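# Structure assessment
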Amino acid sequence: MTDAHLRSRGDGDGSKRDLTYPPMPEALVVPVYDNHTHMEIADGGDGALDYREHLDRASSVGVRGVVQVGTDLATSEWSAAIAAREPRVLAAVALHPNEAPSLQEQGLLDEHLAGIDRLAALPRVRAIGETGLDFFRTGEDGRDAQVRSFEEHIRIAKAHDLALTIHDRDAHDAVVEVLDRVGAPEKTVFHCFSGGPDLARLCAERGWYMSFAGTVTFKNAAPLRQALEVAPRHLIMVETDAPYLTPTPFRGRPNAPYLIPLTLRSMAETLGTDASMLAAQIASNTELVYGAWDAEPVTVDA
């Protein structure tokens, strides 16, 4: 297995970004976890960090571990392999909802879902995700495939007693409908929570976790901060979704797990609480969802 990045971040709109990584933030007193990151994606131009550099930087500022998340079969296999040999990494495996329509069109969706099911049995794979629905990038003609893929991921998560990591973009009502109809796993996480206070209240009623990314620091994200204020403390977590969604004041530059302290301190400010108290709560929540990072031994890399 190669340690190389599997893909590079695209600029999308063709704009030129500042590709330098932001400076190291002040270390947290109480350590936490980044529960959603994509270290297989190269960003930062020639200065792209490999997964070991990401983890070393994160460790130095009080981020004791990460959940490395797959979005297709190849990145899920990479995530599981890194988790198997790196004690600071657990893995989540899935087919991103935007992958489902093309896979179904090629007749490959069932084969790739079987691959995710196989990976789910590995001991340091602790979540199925990111899965869900994305009505921003996929039109009406691809929604049936997304729903079928989502339903199968829910089945896999429950069969292996794993957490479910939800990708929900412009699809709040539909995501909730599928979860309610099929039956959500005991531990369900809305990754990069993007709803307002109404969705937060609904998640709280059902016991679903809400994970906040750098978006909660953005000036135009008042509804997201209102959702954070509504969310019960025992149901919140923090993430980067790196290399995307870099928190203020470095929005647009490469994101990385070592920047978690910026988002966590912003969350604490919104909630009017001490950052160390919030970090302790979030660390506890994260371990309840994914288990302990040292519960299963890593293998020796030959």
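Here goes a summary of the coordinates provided. (Residues numbered from 1 in each chain as written. Predicted model: local features only at pLDDT ≥ 70, side-chain atom pairs only at ≥ 80, totals over all residues. Heavy atoms only, no water.)

What follows concerns the overall build of the chain. Along the chain, the regular secondary structure elements total ten helices and ten strands. Taking 302 residues into account, the globule formula puts the C-alpha radius of gyration at 19 Å, and the chain, at 18 Å, falls close to it. Structurally, the chain occupies a C-alpha span of about 50 × 50 × 45 Å along its principal axes. Buried positions account for 53% of the 302 residues belonging to the chain. For the chain, contacts bridging at least 24 residues in sequence account for 75% of all contacts bridging at least 6. For the chain, the computed accessible surface area is about 12500 Å², with 49% contributed by carbon and sulfur atoms. Of the side chains in the chain, 28 bear a positive and 45 a negative charge, and the two mean positions are spaced by 4 Å. (Helix = DSSP H or I, 4+ residues; strand = E, 2+ residues; numbered from the N terminus. Rg over C-alpha atoms; globule rule 2.2 N^0.38 Å. Buried < 20%, exposed > 50% of the residue type's maximum accessible area, 1.4 Å probe, protein only. Contact = heavy atoms within 4.5 Å. Areas by Shrake-Rupley, 256 points an atom, 1.4 Å probe, with all protein chains shown as cover. Lys, Arg positive; Asp, Glu negative; His and termini not counted. Charge placed at Lys NZ, Arg CZ, Asp CG, Glu CD.)

Strands sit in the order β2-β4-β5-β6-β7-β8-β9-β10 across an open sheet of eight strands; the sheet is parallel. For this open sheet the edge positions go to β2 (32–37) and β10 (236–238), each flanked by a neighbour on one side alone. The average angle at which neighbouring strand axes cross in this sheet is 30 degrees, direction not considered. When strand β7 (residues 163–169) meets strand β8 (residues 188–190), the two strands line up parallel, connected through three bridges. By the bridge assignment, Ile 166 is partnered in β8 with Phe 190. Contacts from helix α2 (residues 73–85) reach β4 (63–69), β5 (89–93) and β6 (125–134) within the one sheet, and its direction differs from that of β5 by about 155 degrees. Packing against the sheet, helix α10 (residues 275–290) makes contact with β2, β4, β5, β6, β7, β8, β9 (209–212) and β10, and its axis sits at approximately 95 degrees to β10. (Pairing = 2+ DSSP bridges. Axes fitted to C-alpha atoms, helices over the stretch in contact; angles between N-to-C directions.)

Bringing the nonpolar core into the picture now. A general trend in soluble globular proteins is that nonpolar side chains are found buried together. Ranked by size, the top nonpolar core spans 87 residues in total, and within it Phe 193 and Tyr 290 carry the most contacts. The dominant element in this core, judged by the number of residues it contributes, is α10, at six residues. What Tyr 290 contacts, discounting residues up to four positions off in sequence, is Asn 35, Val 67, Leu 90, Arg 126, Ala 127, Ala 163, Thr 165, Val 189 and Met 237. (Core = buried A, V, L, I, M, F, W, Y, C linked by side-chain atoms within 4.5 Å.)

Time to look at α10. The end-to-end C-alpha distance of α10, which contains 16 residues, comes to 22 Å, matching closely the 22 Å that a straight helix rising 1.5 Å per residue would cover. Within the span of α10, buried status applies to Leu 278, Ala 279, Ile 282, Ala 283, Asn 285, Thr 286, Val 289 and Tyr 290. Looking straight down α10, one finds its buried side chains confined to an arc of 165 degrees; they lie on one side. Across α10 from its buried face, at more than 90 degrees, point the exposed residues Met 277 and Leu 288. Between a side-chain oxygen at the N-terminus of α10 and the backbone nitrogen of Ser 276 the separation is 3.0 Å; the capping residue is Asp 274. (Expected span 1.5 Å × (residues − 1). Arc of directions from axis to C-beta. Polar contact = N/O pair within 3.5 Å; in protein donor to acceptor, adjacent residues only side chain to side chain.)

In this section: helix α6 (residues 172–182). All of the buried residues along α6 are Val 175, Val 176, Val 178 and Leu 179. The arc that holds the buried residues of α6, viewed along the axis, is 160 degrees, so those residues lie on one side. Tucked inside the fold, the buried residues of α6 contact β6, α5 (143–159), β7, β8 and α7 (197–206). In the segment just after α6, Gly 183 is the residue with positive phi, at about 100 degrees.

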